[in-house]
Amino acid sequence: MEKERINTKKRVFAGLLAVLMIMSMAGCGNTAKSKKEASVDEKECVFMENTDFSVDSSINIRKVIKVGEDIAFISYDSPGGKIYYKPLTGGEENVIYTSQKGIGVDNITEVDGNIGIIEDQDLKRTLKVIDKDGNEVSSVSLSGLDDISIDINSSSYSVTQDGEVAVSTNQELILLNKKGRETKRIQFPAGIMSSCLTKNGEIAVFGAENQEKVEVTFIDPKTGKKGTTTQISAEYLDDGAVRTGFGDYDFFVKKKSGLYGYKTDDKTDHMICDFNTSVIDGTNVKSCLFLDMEHFICQSYDSTSQKFNMSSYSKVDPSEVGDVKTLTVGSIVSSYELQQDITDFNKTHPGVRISLIDYSEEEDPVAKFSADIGAGIVADIYDVSFGYGDITVNQAVQKGLIEDLTPYLEKDPDISEDDFLDSIMRASKIDGKINYLGTSFLINALLVKKSEIGDRTGWTYDEMMEYIYSKPDDVYPFEKKGKQEILSGFLYAGMSEFVDWEKGECNFDSESFKALLEYSNRGTDDEVTEWDPEMNFVDDLQNGKQLFYNGEIEPTIWPLYEKFFDGDAAWIGYPDENREGYYAMIYGGLGISSTCSDKDTAWEFIKFCVSKEQEGKSYPDAMGIPTRKDVFEVFMESKMASEPYIDEFGNSVGLVDGCYGLGNVTVDLRALTEEEAQEFRDLTDKVSNVYTEDNKIKDIITDECKLYYSGEKSLDDTVKIIQNRTQTYMNESR
């Protein structure tokens, strides 16, 4: 239950992405160190860019490798690519290989101090080895790969210490002998992202990401046998993000927060370079290549030129950084947007350094976050988008853990409450105060048949239950039909109807909750713990077997929801006493810790993140809809575009095309109509609550309902115990 809050909100965004998929070196210590320890280590992990290093900006760099004391890299040049050699002691890059007509280049790899080129001609591959001057050293036909279609963007090639070749494809590792013939094929049904050699010559195979962890399997290159396995806390480790190690480390890993060295003996990764303190835009870094423990080559993506470029970094003494004020930002799940904001702020504020504590790279982010808070290890600023550890943001405010931002807004001449959408600002307030400011949001409500509810836009629990009970027994409210799941569906965004943290009261002994609990007992005993994409919930919606769809609303997928009910679609809020149950999921919600050492500087950072310029620059890639009124209007215009244009922030806005789908429903992507845009604006105005999830109260309810569902406890006794346990918990938590 601890991870449900994270997984729920991440599934919201992941679900939207899935819909759209149819379109298209001294180590600085273990990442598990405390914030107090990390503040010292981060200084040791500082690297600065070497301004005297440059590569022709017109070259679109694909992959870089180390060759002796220098480097070589491959470009995306047509038709098949070019290989460049660059001495690191000075001098320009030189073209030492150009692919011939009809011959492509799958990859390059280091081979005994030379450059190994994987040539591809009609699915017949050759390993051609050349020296730094482009002279051919050797060539061997990789006949073991003949007629195998390999995606060059998701494959890795390595040449072992014995001169054999290891190739990872989407789901298998293929081993070839010195003559290029296949000797072993190892299957990985769950998928492979990449592979690399370790410093002792094993092959490390990086499997598909699972719950923010990547499984690493070590393969003996001589026998092809699988050895030990381990897991690394990371979201994605593709080719280039992993490199052969040396010194103390078996291999190196690039994560979104920095560069790490991995030690197999203690199964830990150790930070070597912190991207934030080094002012490196980690969100756009594709790969890094260590030359030694104090120098690395960085390959990153430039969104302006839409090309990959290269830069060089060297480790620096903390004194070279100068007198810098450091503040920390703690985030359970850091977003691309937050990391970009930190990088941009650090670049434009030379006297300040914002450092990210990314708990998503911990084994259990929520538990580690909560443990740090309990131990007094507190960040200066918190991203509360995914809660405040194992308590809600409301609880954190009641405990006095988060600063009231209202006075900062009132006295700041550059920003005010009126800059933000009125409904989002009202919904975000706790006890009438503003404790955090978010950069984007999604709307959450119930999708229903309009013909079933008429012009109604909200209802109480009693009114909703009256509607549900009017349906046959084989009709269910949500896609999951287990007893606990039905109850969770009702409480998904409706817990606030029974829990009031501002007053410190709960009312689970009410008739409304009794009705929910009694109805949920009609469900099955089988529970589906995870959302199953194979569920035929769209069929059930269309044929009336399912009444509601928990919809996350943003303009792009508006036509898809309309088609669910063949144009007979409407949104209605979750039940509450005021019939205003439209919820917002807030992303990029930043608040200042009450123990922050420099609250004025922390406010400057938050103000920077929610400024018109930052929200405007990032809205095309943000997790949701802009919270600022001015950027919201630019966002809506982009969704209605009838022709390509450049918006006022310099973003390229293209025509909407392609298609997307969910279940058995597929629709063409298109620009919104004026009417649809207005409907979305009207829904935005209806938002009155912010989605929160209290897992401790959910645990109490789940625990006590088991005996009721099994018939061992009465309804009245069950709600009485839930009420008493929850009230006790709330009293102890304030």
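Just so it is clear, the structure is predicted and the values come from calculations on it, not from any experiment.

Student: Quick rundown of the packing of aromatic side chains? Include the residues and the values.
Tutor: Overall, the coordinates contain 42 aromatic pairs when judged by the stated rule. Summarising the aromatic geometry, the rings of Phe508 and Phe513 are spaced 5.0 Å apart at their centres and angled 80° between planes, so their arrangement reads as edge-to-face. Assessed through its relative accessible area of 0%, Phe508 is described here as buried. Members of the aromatic cluster, joined through ring pairs, are Phe47, Phe246, Tyr249, Phe252, Phe290, Phe296 and Tyr313. One cation-aromatic arrangement involves Lys86 over Phe53; the distance from NZ or CZ to the ring centre is 5.2 Å. Arg628 extends its terminal NZ or CZ atom over the ring of Phe420, reaching a point 5.9 Å from the ring centre.

Student: Now, about the packing of helix 11 (residues 483-491) against helix 12 (residues 511-520): what can you tell me, with residues and values included?
Tutor: Contact geometry of helix 11 with helix 12 gives a least axis separation of 8 Å together with a crossing angle of 145°. Helix 11 and helix 12 meet at a crossing whose hand is right-handed. Contacts between helix 11 and helix 12 involve Lys483, Ile486, Leu487, Phe490 and Leu491 from the former and Phe513, Leu516, Leu517, Tyr519 and Ser520 from the latter. Looking at the contact of helix 11 with helix 12, its residues break down into 8 nonpolar, 1 polar and 1 charged.

Student: Give me the lowdown on the packing of helix 10 (residues 461-469) against helix 12, citing residues and values where you can.
Tutor: Look at helix 10 against helix 12: their axes get within 9 Å of each other, and the N-to-C directions meet at 25°. Judged by the angle between their axes, helix 10 and helix 12 are roughly parallel. Judged by the sense of rotation from one axis to the other, the crossing of helix 10 with helix 12 is left-handed. Taking contact as the criterion, the partners of Tyr461, Asp462, Met465, Ile468 and Tyr469 in helix 10 are, on helix 12, Ser512, Ala515, Leu516, Glu518 and Tyr519. Of the residues assigned to the contact of helix 10 with helix 12, the class counts are 7 nonpolar, 1 polar and 2 charged.

Student: An account of the sheet that holds strand 7 (residues 114-121) is needed here, citing residue identities and associated values.
Tutor: Pairing in this open sheet of 4 strands is antiparallel, and the strands run 6-7-8-9 from one edge to the other. Edge strands, defined here as strands with exactly one partner in the open sheet, are strand 6 (104-111) and strand 9 (136-142). Taking each pair of neighbouring strands and ignoring which way they run, the sheet shows an average axis angle of 20°. Here 6 bridges tie strand 8 (residues 124-130) to strand 9, and the two strands are oriented antiparallel to one another. Each residue of the ladder has a partner; that of Leu127, found in strand 9, is Val140.

Student: With reference to specific residues and values, describe the sheet that holds strand 26 (residues 352-358).
Tutor: Within a sheet, neighbouring strands are paired by backbone hydrogen bonds and run either parallel or antiparallel to one another. Read from one edge of the open sheet, 4 strands run 26-25-27-34, paired in mixed fashion. At either end of the open sheet lies a strand with only one pairing partner, and these are strand 26 and strand 34 (590-592). Strand after strand, the sheet turns through a mean of 25° between neighbouring axes, direction not considered. Set on the sheet, helix 4 (residues 336-348) makes contact with strand 25 (325-331), strand 26, strand 27 (381-383) and strand 34; between it and strand 26 the angle comes to about 160°. Against the sheet, helix 15 (residues 599-609) makes contact with strand 25, strand 26, strand 27 and strand 34, and its axis sits at roughly 170° relative to strand 34, the strand it touches most.

Student: Summarise the side chain of Ser158; cite the residues concerned and give the values.
Tutor: As for its position among the elements, Ser158 is in strand 10 (residues 156-159). Using a relative accessible area of 8% as the deciding quantity, one classes Ser158 as buried. Contact partners of Ser158, with chain neighbours within four places excluded, come to Thr109, Glu164, Val165, Ala166, Cys196 and Leu197.

Student: I'd love a proper account of the state of the cysteines, names of residues and values included.
Tutor: With the rule as written, the count across this model stands at 0 disulfides. Cysteine Cys273 shares no disulfide, and the gap to the nearest cysteine sulfur, in Cys288, comes to 7.2 Å. Here Cys273 falls in the buried class, since its relative accessible area comes to 0%. Free cysteine: Cys288, not disulfide-bonded; nearest cysteine sulfur from Cys298 at 4.0 Å.

Student: Please give an account of the pattern of salt bridges that cites residues and values.
Tutor: Counting across every chain of the model gives 38 salt bridges. Glu119 is the salt-bridge partner of Lys128, the closest N and O atoms lying 3.3 Å from each other. Where Lys607 meets Glu604, a salt bridge forms, and the shortest distance between an N and an O atom there is 3.6 Å. One end of the pair, Lys607, and the other, Glu604, are both in helix 15, 3 residues apart, so they sit about a helical turn from each other. On the basis of relative accessibility, which here comes to 34%, the residue Glu604 falls in the partly exposed class. What you see here is one network of salt bridges that share partners, running through Asp412, Asp414, Glu604 and Lys607.

Student: If you had to explain helix 10 to someone new, which residues and values would you point to?
Tutor: Those residues of helix 10 not exposed but buried are Tyr461, Met464, Met465, Tyr467 and Ile468. Seen along its axis, helix 10 keeps its buried residues to an arc of 155°; they face one direction. Lining the buried residues of helix 10 we find helix 9 (450-453), helix 11 and helix 12.

Student: Describe helix 4, with residues and values.
Tutor: The end-to-end C-alpha separation of helix 4 is 18 Å, in line with the 18 Å expected for 13 residues at 1.5 Å each. The buried fraction of helix 4 is high, at 10 of 13 residues. Of the residues making up helix 4, those classed as buried are Glu337, Leu338, Gln339, Gln340, Asp341, Ile342, Thr343, Asp344, Phe345 and Asn346.

So, how was this worked out
- Residues numbered from 1 in each chain as written.
- Predicted model: local features only at pLDDT ≥ 70, side-chain atom pairs only at ≥ 80, totals over all residues.
- Heavy atoms only, no water.
- Phe/Tyr/Trp six-rings, centres within 6.5 Å; stacked < 30°, edge-to-face > 60°.
- Buried < 20%, exposed > 50% of the residue type's maximum accessible area, 1.4 Å probe, protein only.
- Lys NZ or Arg CZ within 6 Å of the ring centre and 35° of its normal.
- Axes fitted to C-alpha atoms, helices over the stretch in contact; angles between N-to-C directions.
- Helix = DSSP H or I, 4+ residues; strand = E, 2+ residues; numbered from the N terminus.
- Left-handed = near helix turned anticlockwise from the far one by under 90°.
- Contact = heavy atoms within 4.5 Å.
- Nonpolar A, V, L, I, M, F, W, Y, C, P; charged D, E, K, R; others polar.
- Parallel < 35°, antiparallel > 145°, perpendicular 65-115°, else oblique.
- Pairing = 2+ DSSP bridges.
- Disulfide = S-S within 2.5 Å.
- Salt bridge = Lys/Arg side-chain N within 4 Å of Asp/Glu carboxyl O.
- Arc of directions from axis to C-beta.
- Expected span 1.5 Å × (residues − 1).

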